[in-house]
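An overview of the molecular structure
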Amino acid sequence: MLHYKTYIKGDDYPWVTFIHGAGGSSSVWFKQIKEFRKAHNVLLLDLRGHGRSEQGQWEKGDSFREVADDVIEVLDKLGIQKSHMVGMSLGTIVAQTLAEWHPDRVKSLILGGAVIGLDIRTKFLLWAGNTFKRFVPYMLLYKLFAYIIMPRKEHEESRLAFVNQAKRMCQKEFVKWFSLTKLINPYLARLQTTTTGVPTLFLMGEEDYLFIPPVKEAVQRSEKFRLITIRNSGHVCNIDQPDEFNRHSIGYIHEMEMAHA
């Protein structure tokens, strides 16, 4: 089972589950915990091969669905029937996969630095990564991607946080996770049609130049989708601008709770 940690406020408070991105861990949410635990039950997870979760959990053919099922296993153990899901970067794909296969367990999606489509630049990056992943030290590739995705000086804290977390992974785990990206574009396109019934807030840094265009397109296609762009922020907006990220996401959760009260 995945390593997890909870902060429990009480039975009358909603659950919020945080899902980090590839190479990270639950510690990337350190700027969210204090505010969220005031009025929510909080579940922090380390995805397989990350943080304090076990490595070597992969079986042949595993996909994002199996990664999402890992999360459901924790929810079941804790007796959590439904939760708001907060994802960051590649963790947003896991969150959307949960909404596709387990919609009855998801109250809403809050997707920061959402990955829902790839342009020619990101397709090339993933092609290069998949081509060289077994021959080039994974930290070299990871640092390169981090600089391409988060290039500016004001992104330095979030860039360093993700690079430092990735050092805990091993080459084999990196290869397994990177292998999930081979068919990612058609998979993402399908997710956008199967999760349109789930209330979704996209929180995107205005400088997240690789990933924000497809989000803007998706929001125009569904009345359940909402987009807020955060100024002076890049891809990892929960670290770049935590106050704004917390304010918008907590406000959205409150709105969803009131709508179903």
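Data block above holds the structure.
Here we summarise the structure given alongside this text. Because the structure is a prediction, the values reported are computed rather than measured. (Residues numbered from 1 in each chain as written. Predicted model: local features only at pLDDT ≥ 70, side-chain atom pairs only at ≥ 80, totals over all residues. Heavy atoms only, no water.)

Let's talk about the nonpolar core
Rules: Each nonpolar core is a collection of buried residues, namely Ala, Val, Leu, Ile, Met, Phe, Trp, Tyr and Cys, held together in the definition by side-chain atoms within 4.5 Å. Three labels apply to residues, based on accessible area from a 1.4 Å probe with only protein chains included: buried if under 20% of the type maximum, exposed if over 50%, partly exposed otherwise in between. Secondary structure is summarised from DSSP: a helix means a run of H or I of at least four residues, a strand means a run of E of at least two, and numbering begins at the N terminus for each.
Counting 44 residues, the largest nonpolar core has Ile-19, Met-85, Ile-93, Leu-98, Leu-109 and Phe-202 as the members making the most contacts within it. Sorting the residues of this core by element identifies strand 2 (15–19), strand 3 (41–46), helix 2 (64–78), helix 3 (91–101), strand 5 (106–112), helix 8 (184–194), strand 6 (200–205) and helix 9 (212–221) as the ones contributing at least two each. Grouped together as the second largest cluster of nonpolar side chains are 22 residues, Phe-18, Val-42, Tyr-252 and Ile-253 included.

Quick word on helix 3
By the criterion of burial, helix 3 is predominantly enclosed, with 10 of the 11 residues buried. Residues of helix 3 that are buried: Gly-91, Thr-92, Ile-93, Val-94, Ala-95, Gln-96, Thr-97, Leu-98, Ala-99 and Glu-100.

Overview of the packing of aromatic side chains
Keep this limit in mind: In summary, the pairing rule links any two rings of Phe, Tyr or Trp, Trp by its six-membered ring, whose centres are within 6.5 Å, and it sorts them by plane angle into stacked for under 30 degrees, edge-to-face for over 60 and tilted for everything else. A ring has a charge above it when a Lys NZ or an Arg CZ is no more than 6 Å from the ring centre and no more than 35 degrees off the ring normal.
What the rule picks out here adds up to 4 aromatic pairs. With 5.0 Å between their ring centres and 85 degrees between their planes, Phe-18 and Phe-36 make a pair best called edge-to-face. With Phe-18 in strand 2 and Phe-36 in helix 1 (residues 33–36), this pair connects stretches of sequence that are 18 residues apart. Both rings, one in Phe-202 and one in Phe-225, keep their centres 5.5 Å apart while their planes meet at 85 degrees; by these two values the pair is edge-to-face. Pair noted here: Phe-202 is in strand 6 and Phe-225 is in strand 7 (residues 225–230), with a separation of 23 residues, a long-range link. A single burial state applies to Phe-202 and to Phe-225, both of which are buried. Three or more aromatic residues joined by ring pairs form one cluster here, namely Phe-18, Trp-29, Phe-36 and Phe-245. Against the face of Tyr-13 rests Lys-9, its NZ or CZ located 5.8 Å from the ring centre. For the cation-ring pair, Arg-65 lies above Trp-101, with the distance from its terminal atom to the ring centre recorded as 3.5 Å.

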